[in-house]
Amino acid sequence: MGAFASVLSWLALPLYAVEGMRVRARIHRHPPPPGPVSGRVGAEEGDPLRLLVLGDSSAAAVGLKRQEDGLAPCLAEALGERTGRPVEWRSAGFNSATAGMLRDHVIHNLEPVPYTHVLLSVGFNDMKNYHSRRRFLREFGGLIYAVKARFPESRLYWSRMLDPADVPGLPPHLAAILRLRVSVLDPTGACLCRERGARAIPAMRGLVPEAFCDDGIHPSEAGFRGWAAHLAAHMHADR
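Now for a look at the structure at hand. (Residues numbered from 1 in each chain as written. Predicted model: local features only at pLDDT ≥ 70, side-chain atom pairs only at ≥ 80, totals over all residues. Heavy atoms only, no water.)

A word on the packing of helix H4 (residues 99–106) against helix H6 (residues 133–150)
For the pair H4 and H6, the least separation of the axes is 7 Å and the interaxial angle reads 40 degrees. As far as their axial angle goes, H6 and H4 are oblique. Crossing angle aside, the handedness with which H4 passes H6 is left-handed. Within the contact between the two elements, H4 uses Ala 99, Gly 100, Leu 102 and Arg 103 and H6 uses Arg 138, Glu 139, Phe 140, Gly 142, Leu 143 and Ala 146. (Axes fitted to C-alpha atoms, helices over the stretch in contact; angles between N-to-C directions. Helix = DSSP H or I, 4+ residues; strand = E, 2+ residues; numbered from the N terminus. Parallel < 35°, antiparallel > 145°, perpendicular 65-115°, else oblique. Left-handed = near helix turned anticlockwise from the far one by under 90°. Contact = heavy atoms within 4.5 Å.)

Some remarks on the sheet that holds strand S1 (residues 38–41)
An order of S1-S3-S2-S4-S5-S6 is seen for the six strands of this open sheet, with the pairing classed as mixed. Each edge of the open sheet carries a strand with a single partner, namely S1 and strand S6 (199–201). Neighbour-to-neighbour, the strand axes of the sheet open up by a mean angle of 20 degrees, direction not taken into account. Alignment of strand S4 (residues 117–121) against strand S5 (residues 155–159), held across four bridges, turns out to be parallel. Each residue of the ladder has a partner; that of Val 118, found in S5, is Leu 156. (Pairing = 2+ DSSP bridges.)

Considering the packing of aromatic side chains
This structure, assessed with the given rule, holds four aromatic pairs. An angle of 5 degrees between the planes, with centres 5.1 Å apart, marks the rings of Phe 136 and Phe 140 as stacked. Taken together, the residues Phe 136 and Phe 140, both in helix H6 and four residues apart, mark about one turn of the helix. Neither Phe 136 nor Phe 140 differs from the other in exposure class; each is buried. (Phe/Tyr/Trp six-rings, centres within 6.5 Å; stacked < 30°, edge-to-face > 60°. Buried < 20%, exposed > 50% of the residue type's maximum accessible area, 1.4 Å probe, protein only.)

Quick notes on H4
Along H4, the residues that are buried comprise Ala 99, Gly 100, Leu 102 and Val 106. Of the surrounding secondary structure, the elements contacted by the buried residues of H4 are strand S2 (49–55), helix H5 (124–128) and H6.

Observations concerning the nonpolar core
Soluble, globular proteins show a tendency: their nonpolar side chains are buried together. In terms of nonpolar packing, the biggest core is built from 48 residues, with Leu 54, Leu 120, Phe 140, Leu 143, Val 147 and Trp 158 touching the most fellow members. Every element with two or more residues in this core is listed here: helix H2 (13–26), S2, H4, S4, H6, S5 and helix H7 (172–196). Ranked by residues supplied to this core, first place goes to H7 with eleven residues. For Leu 120, the contacting residues outside a window of four places in its chain are Leu 54, Phe 140, Leu 143, Val 147, Leu 156, Tyr 157, Trp 158 and Ser 159. Of all hydrophobic cores here, the second largest spans 25 residues; its members include Ala 59, Ala 78, Phe 224 and Ala 232. (Core = buried A, V, L, I, M, F, W, Y, C linked by side-chain atoms within 4.5 Å.)

What to know about the environment of Ala 232
Inspection of the secondary structure puts Ala 232 in helix H8 (residues 221–237). Taking the relative accessible area as the measure of exposure, Ala 232 reaches 0% and is therefore buried.

Concerning the layout of surface pockets
Roughly 950 Å³ of internal volume is contained in the largest pocket. In terms of lining residues, the largest pocket is bounded by 45 residues, among which Ser 57, Phe 124, Asn 125, Ile 217 and His 218 are the most central. For the lining of the largest pocket, the secondary-structure elements that each account for two or more residues are H2, H5, H7 and H8. Of the residues in the lining of the largest pocket, the class split is 24 nonpolar, 15 polar and six charged. (1 Å grid on protein atoms, 1.4 Å probe; cavity = no way out; pocket = protein on both sides within 12 Å on 5 of 7 lines; lining within 4 Å. Points joined across faces, edges and corners; volume = space filled by probe spheres on them. Nonpolar A, V, L, I, M, F, W, Y, C, P; charged D, E, K, R; others polar.)

Points about unusual backbone geometry
The phi dihedral of Ala 61 is positive, around 65 degrees, even though this residue is not glycine. Along the chain, Ala 61 turns up in the loop between S2 and helix H3 (71–83). Here Tyr 130, not a glycine, exhibits a phi torsion of approximately 60 degrees, which is positive. Inspection of the secondary structure puts Tyr 130 in the loop between H5 and H6. On the basis of relative accessible area, Tyr 130 is assigned to the buried category, the value being 7%.

Some remarks on the pattern of salt bridges
By the definition in use, this model includes nine salt bridges. Between Arg 135 and Glu 139 there is a salt bridge whose closest N-O contact spans 3.0 Å. With Arg 135 and Glu 139 both in helix H6 and four residues apart, this pair spans about one turn of that helix. A residue is classified by how much of its surface remains accessible, and Glu 139, at 9% relative accessible area, is buried. With a closest N to O distance of 2.6 Å, Asp 186 and Arg 160 form a salt bridge. Of this pair, Asp 186 sits in helix H7 while Arg 160 sits in the loop between S5 and H7, and the two are 26 residues apart along the sequence. A residue is classified by how much of its surface remains accessible, and Asp 186, at 7% relative accessible area, is buried. Here the salt bridges share partners, and the residues they tie into one network are Arg 40, Arg 50 and Glu 88. (Salt bridge = Lys/Arg side-chain N within 4 Å of Asp/Glu carboxyl O.)

In structure tokens, the structure reads:
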């Protein structure tokens, strides 16, 4: 199915290019919101968990008015509630970031903090940019190695790719093309995680429009809270 889906998606590339430009012209492109990119939540006392959320515009809280409502602080709060421990969090997210960009330009510039948990929110841009399976193998696989080398004591997680049909800002025919790309890259990422000591967390399904901000692409405050609760449940079970 993966090879067949890949061929179909390449045949659909001209339609994808035209429709993609129409969507980009229609939606408002948000910058990352103001606010701190690190903090501490939860209990006042106790040995803290240390959380890094590394990735694309979702990790950068694009679509929100405040960084404090983004994925990293929401996930820190959800983990703190489940564990009863304080959580120190840091977000390192960038608009349009791909796995290769994070591997080559971000990891080696991060502070050498002994993180206990690292979450990767990446893959959507690789998918929409039509990166090949071979390229994703190389770049996402290299990102996993780079994170594990930089933060060897951390538990590493990847939030798998959303079903494009659940993203209200994508027209149905465009979402159908992107589903073909997801069916190629997402299983590849999950396989790399199994082989290289990371945990691939299933994507949420059946999302409602209220889970997205006004561009119909990025999560809303409610969307980030729901996503964080979903991730925390899987991360807490992995003990």
